[in-house]
Amino acid sequence: MLWKDGKKKALTLSYDDGTIYDREFVELVNRYGLKGTFNLNSGVFDTHYFLTFDGVEIDFSRIDEIEVKDLYAGHEVAVHTVTHPSLTDVSANIAAYEIINDRAKLEELTGELVRGFAYPYGTYNKEAEAVLRACGIEHARTVWSRHTFDLPEDFLEWHPTCHQNDPELMKLAKTFCENQENKATLFYVWGHSYEFAVHNNWEMIEEFFKYIVQYKDEISMLTNIEIVDYVKAFKGLLRSTDGKQVYNPSATDIWFEKDGETYCIHGGEKLCLE
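One numbering rule holds for all chains: residues counted from 1, following each sequence as written. Only residues with pLDDT of at least 70 get local features here, since the model is predicted, and only at 80 or more are side-chain atom pairs given and counted; chain-wide, interface and lining totals rely on the full set of residues. Derived side-chain values reflect all non-hydrogen atoms in the structure, with water molecules and hydrogen atoms excluded from consideration.

### Topic: helix H4 (residues 126-134)
Throughout, exposure labels follow a simple rule: accessible area from a 1.4 Å probe, protein chains only, divided by the maximum for the residue type, with under 20% read as buried, over 50% as exposed, and the rest as partly exposed. Secondary structure is summarised from DSSP: a helix means a run of H or I of at least four residues, a strand means a run of E of at least two, and numbering begins at the N terminus for each. Buried within H4 we find Ala128, Glu129, Val131 and Leu132. Looking straight down H4, one finds that the buried residues subtend no more than 160° of arc, so they occupy a single side. Of the residues in H4, the exposed ones pointing more than 90 degrees away from the buried face are Lys126, Glu127 and Ala134. Packing partners of the buried residues in H4 comprise helix H3 (92-110), strand E6 (116-118) and strand E7 (139-141). Glycine 136 lies just past H4 and shows a positive phi near 80°. Each direction from the helix axis to a C-beta atom contributes to the arc, which is the arc of those directions. Only heavy atoms enter the contact rule, under which two residues are in contact if any of them lie within 4.5 Å.

The following block contains the structure:
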């Protein structure tokens, strides 16, 4: 598998909680032509209060619900539960309530199908995953950094490459951008925009963005759900018994490499390989 336009690399971002700092962060992401997934708690929109992190008090107010559609336009809005409980600390029916109601509200606000999720506090188990599937969720991010660029075996246990404040961030970026792989790779960064206010390090993430866009011709900038849909479409390709005919039953154009040659098979197309 290759990414769109035959690229071997993809970058995605995932940010949680929907605090007011998303306004500045999304503007920065848009300026550099990147894409991300924003995991929101619909039950705390329009709330205003202060919290202290690492001895630093910050305004922890949440965005207003009327902002959601325009603020995150061009990105993915995903579920983070209504009120941010740990799914391993509540019963299945409470978890289902938190997930399905958050999903419904976010779909109402965006006018889009909402199919993504980030685990509050990063906690999950098989019971939580079963509830997510029942609620129509197709991908769920954990908080466990892998420091690799591999695709997940299970999109409901999607471990990112690293957190925004990982001391290895720029080293990983250099490895990702400058090394050549023989397969499709993914750099997945997650975090919270309020952490830039806590640590006063907005320049750090902008330095990362500036470095990444030097290689934009080699990297597909994708949301989480765009990655999921693309991978599923690739896995759904149908092949003849001799492998010479490939049919794409999806509506997604798919790129792949075979014997050193790059192919694009359009949605609904049959391709003959010699």
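There is more to say, and it comes next.
### Some words on the environment of leucine 28
Take leucine 28: it is sitting in helix H1 (residues 22-31). Given the relative accessible area of 5%, leucine 28 is considered buried. Not counting chain neighbours up to four residues away, the residues in contact with leucine 28 comprise Trp202, Ile205, Glu206 and Phe209.

### Overview of the sheet that holds strand E12 (residues 245-247)
The pairing criterion is simple: DSSP has to find at least two bridges between the two strands. Taken in spatial order, the three strands make up an open sheet running E11-E12-E15, and their pairing is antiparallel. Every interior strand has two partners, whereas the edge strands, strand E11 (238-239) and strand E15 (270-272), have only one. Of the pairings in the sheet, the one linking E12 to E15 comprises three bridges and is antiparallel in character. Considered in E15, the bridge of glutamine 245 is made with cysteine 272.

### Considering the side chain of threonine 19
Relative to the helices and strands, threonine 19 is located in the loop between strand E1 (9-16) and H1. Residues adjacent in sequence count toward polar contacts only when both atoms are side-chain atoms; beyond that, a polar contact is any pair of N or O atoms within 3.5 Å, and within protein one must be able to donate a hydrogen and the other to accept it. Side chain to side chain, threonine 19 and serine 193 meet in a polar contact 3.4 Å long. Among all residues touching threonine 19, those that are not within four sequence positions of it are Phe60, Ser61, Arg62, Ile63, Ser193 and Tyr194.

Any link to function would need more than the numbers given here.
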